[in-house]
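# Topology and contacts: notes
One-letter residues, chain by chain:
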Amino acid sequence: MLALVPALLPVALPLLLRLGAETGSPPLLAAGLVGLALAAIAVPLRLLTAERGAVLGQMALAAAAIGLGSAEGSFAALILLILLTLSDTAARLSDPARPVALLALAGLPPLGTFAGLALALPEIARHEPLLLLVCLPGIALPAWWLIRGATIRRRIVQPALGWLPIGAVLLIGVLTPAPLALWLRSALPPAAITAGPAP
């Protein structure tokens, strides 16, 4: 539901963190893996657009990262969902920045959600490498369709509102100041900070 209604995307972060703290790790991890599998299937079958599929897959990856029960997994999910919200906002604006925003939503390095993916995927692999068999298709297939649909025009460098969230994503994802990273870690629920790795 959150992936299909763009205006509700900012709700995903507190909701997922709260679910992780209240329901425990395994249910959220399982829900994340189901979401990733759906994203891998729905976009090639045209059941979802590439944009909504990318949002679904990356939200599901964030849920799986929180479901690991580790502080690093929760921090990776926090970064990923912040970058995802900004990238999705830019992609929904019909202006000259939209093609770049689509690449950002796809997680093409160093744009958009790439930094969040670079934190979440290795953390999942560290806990259980076999989970990547579900995670990678759920992220890569929607991204592939997004990249195919992102037509870069010659006069792309034009003033546009979409550059603001794209710039914010680059600032957070690539140039995150240490005080900001510490503040984001402090925003995590106590249960997410103190929990150890899932068995």
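What you see is a predicted model, and the numbers here were worked out from it, not measured in a lab.

Let us now look at the nonpolar core. Residues Leu 16, Leu 36, Leu 61, Leu 105, Ile 124, Cys 135 and Leu 146 are the most contacted members of the largest nonpolar core, which totals 45 residues. Contributions of two or more residues to this core are made by helix H2 (25-42), helix H3 (50-67), helix H4 (71-91), helix H5 (98-106), helix H6 (114-127) and helix H7 (132-149). Of the residues forming this core, the biggest block, 11 residues, is contributed by H3. Ile 124 has contacts with Leu 61, Ala 64, Ala 65, Leu 68, Pro 129, Leu 131, Leu 132 and Cys 135, leaving out every residue within four places of it along the chain. Among the nonpolar cores identified, the runner-up in size contains seven residues, and Leu 78, Ile 79, Ala 115 and Val 169 belong to it.

Moving on to the packing of aromatic side chains. For any pair of aromatic rings, geometry is given as the distance between the ring centres together with the angle between the planes. Inspection of the entire model under this criterion finds zero aromatic pairs. Taking the ring centre of Trp 145 as reference, the NZ or CZ of Arg 148 above it sits at 4.9 Å.

Mean pLDDT over the protein chain stands at 79; residues scoring 70 or higher make up 69%. Least confident of the elements in the protein chain is helix H10 (residues 190-194), whose mean pLDDT is 48; most confident is H6, at 93. Low pLDDT (under 50) marks residues 192-199, which in the prediction has 19 contacts with non-local residues, meaning those over four places away or in another chain.

Taken as a whole, this structure holds four salt bridges when the rule is applied. The residue Glu 51 makes a salt bridge to Arg 98 at a minimum N-O spacing of 2.6 Å. Here Glu 51 is found in helix H3, whereas its partner Arg 98 is found in helix H5, with 47 residues between them in sequence. Between Asp 88 and Arg 92 there is a salt bridge; the shortest N-O distance is 3.0 Å.

Right, let's talk about a nonpolar patch on the surface for a bit. Taken together, Ile 41, Leu 45 and Leu 47 make up a surface patch of nonpolar side chains, about 330 Å² in accessible area. One can find Ile 41 in helix H2. Classification of Ile 41 as partly exposed rests on a relative accessible area of 47%.

With 21 residues, H4 extends 30 Å from end C-alpha to end C-alpha; this agrees with the ideal 30 Å at 1.5 Å per step. With 16 of its 21 residues buried, H4 lies for the most part within the structure.

A few words on the packing of H6 against H7. With their axes 10 Å apart at the nearest point, H6 and H7 run at an angle of 160 degrees to one another. Taken together, the axis directions place H6 and H7 in an arrangement best described as roughly antiparallel. On H7, the residues that touch Leu 117, Leu 121, Ile 124 and Ala 125 of H6 are Leu 132, Cys 135, Leu 136 and Ile 139.

With that settled, consider H5. Across the nine residues of H5, eight count as buried, placing the element largely inside the fold. Within two residues after H5, Gly 107 carries a phi angle of roughly 80 degrees, on the positive side.

Here we take up empty space enclosed by the protein. If you walk through the whole model with that rule in mind, you get one cavity of 30 Å³ or more. Volume-wise, the largest cavity comes out at about 30 Å³. Together, Ala 54, Gly 57, Gln 58, Leu 105, Ala 106, Gly 138, Ile 139, Pro 142 and Ala 143 line the largest cavity. Counting residues per element, the lining of the largest cavity draws most heavily on H7, which supplies four residues.

What counts, and where the lines are drawn
- Residues numbered from 1 in each chain as written.
- Predicted model: local features only at pLDDT ≥ 70, side-chain atom pairs only at ≥ 80, totals over all residues.
- Heavy atoms only, no water.
- Core = buried A, V, L, I, M, F, W, Y, C linked by side-chain atoms within 4.5 Å.
- Buried < 20%, exposed > 50% of the residue type's maximum accessible area, 1.4 Å probe, protein only.
- Helix = DSSP H or I, 4+ residues; strand = E, 2+ residues; numbered from the N terminus.
- Contact = heavy atoms within 4.5 Å.
- Phe/Tyr/Trp six-rings, centres within 6.5 Å; stacked < 30°, edge-to-face > 60°.
- Lys NZ or Arg CZ within 6 Å of the ring centre and 35° of its normal.
- pLDDT = per-residue confidence, 0-100.
- Salt bridge = Lys/Arg side-chain N within 4 Å of Asp/Glu carboxyl O.
- Patch = residues over 30% accessible without salt bridge, like charges linked within 9 Å, V, L, I, M, F, W, Y side chains within 5 Å.
- Areas by Shrake-Rupley, 256 points an atom, 1.4 Å probe, with all protein chains shown as cover.
- Expected span 1.5 Å × (residues − 1).
- Axes fitted to C-alpha atoms, helices over the stretch in contact; angles between N-to-C directions.
- Parallel < 35°, antiparallel > 145°, perpendicular 65-115°, else oblique.
- 1 Å grid on protein atoms, 1.4 Å probe; cavity = no way out; pocket = protein on both sides within 12 Å on 5 of 7 lines; lining within 4 Å.
- Points joined across faces, edges and corners; volume = space filled by probe spheres on them.

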